[in-house]
Amino acid sequence: MGEVTVRLDDLPLRDDLRGMTPYGAPQAALPVALNVNENTHPVPQEVADDILDAVARALRDVNRYPDREFTGLREAFAGYLGHGLSPEQIWAANGSNEVLQHILQAFGGPGRTAMGFAPTYSMYPILTRATGASWIAGEREHDFSLTAESAAAQVRERRPDIVFLCAPNNPTGTPLRLDVVQAVYDATDGIVIVDEAYEEFAPRDEPSAVSLLPGRPRLVVSRTMSKAFAFAGARVGYLAADPALVDALRLVRLPYHLSALTQAAATAALAHADTMLSMVDEIVAQRDRISATVAALGYTAHESWTNFVLFGGVDDPAATWKALYDRGVLIRDVGIAHHLRVTAGTADETTAFLDALASVGSRS
């Protein structure tokens, strides 16, 4: 038992999946793990107590299927996002990746294309190809920014069926202005997805793409509870869009795709939104502290509106990553030449990272 009898290549895998690599980040039990942009602050105790109570109540009826339309959760998300949204404009799934997968299943697929602007979130091309569509990689400026003129021109030239705009961008942290969203929307007849996974870490006076939804039935704004809400382990993502677009997602979702326990936990957490988001200011402070200190060490810290910092000027990223690993600090090599990325964690975690980086030596 347990012996490998065949290889992956020996199986009748879809031809378009051959050669693909599954998404993944290194996992290691190190004292300081700052590699996957989690919120490293624990859920506050009073919130955790209410979540436990809500899950306990849901367990009493766990022998029955959950609310297929997750009505209470959609009402809670609509209230959280504001902008006059109705529950009919909300969709949710097991993490924002499943939300994006539903969109690709409904509007992508064989013979269709999806486009993003590299470097960007590595799951976009993986989800695109896994659902049978083709991926188109657009280009950014040298500082990873994206202008309205350039983005719209690239979209008009390539004519994708789906466009991904990561706002702010992962893995670079780069802001994305609403004029880019408007220009791209006007340049295509396809679906435009604005992925606001890190929106809560942006300056509070900067408007969300949710404000652009009226009159734009092909626009989608996706969010997650994994980051600012410290809910990564619960796997809850959601989106806001026109009710007709939300209806389209029902065609591809699995029956009862959100468990009763997930719905209960997420709804309870949203009832404490102010408390759950109270740690955002602290995370932003640590992010800015990282940016200032890595710059003082001789690296280049890119502007970030997220809970992480991408820094360049690293002569040998693999060696620096390993040196930090050996010092008990795990960060991320995202594959951008001479760059590494680090999540902004607690004050103690930030100190541990900065001390380790300083001990490695400037621009190792």
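Residues numbered from 1 in each chain as written. Predicted model: local features only at pLDDT ≥ 70, side-chain atom pairs only at ≥ 80, totals over all residues. Heavy atoms only, no water.

Let's shift gears to the pattern of salt bridges. Under the definition given, this model contains 15 salt bridges. Here Glu69 ties to Arg74 by a salt bridge, and the two come within 3.6 Å at their closest N and O atoms. Where Arg250 meets Glu69, a salt bridge forms, and the shortest distance between an N and an O atom there is 2.9 Å. A residue pair is termed long-range when its members are at least 10 positions apart, and Arg250 in the loop between α7 (243-249) and α8 (260-270) and Glu69 in the loop between α1 (45-59) and α2 (71-81) qualify at 181 residues. By relative accessible area, which is 26% here, Arg250 ends up partly exposed. (Salt bridge = Lys/Arg side-chain N within 4 Å of Asp/Glu carboxyl O. Helix = DSSP H or I, 4+ residues; strand = E, 2+ residues; numbered from the N terminus. Buried < 20%, exposed > 50% of the residue type's maximum accessible area, 1.4 Å probe, protein only.)

A word on the pairing of strand β7 (residues 219-224). Taken across its 6 residues, β7 has 6 buried, putting it largely inside the fold. Burial along β7 is two-sided: the face carrying Leu219, Val221 and Arg223 and the face carrying Val220, Ser222 and Thr224 are both buried. In the sheet, strand β6 (residues 191-195) pairs with β7 via 4 bridges, with the strands oriented parallel. The partner of Asp195 across the bridge, within β7, is Ser222. Pairing analysis gives 5 bridges linking β7 to strand β8 (residues 237-241), with the strands arranged antiparallel. Paired with Ser222 across the bridge in β8 is Leu239. (Pairing = 2+ DSSP bridges.)

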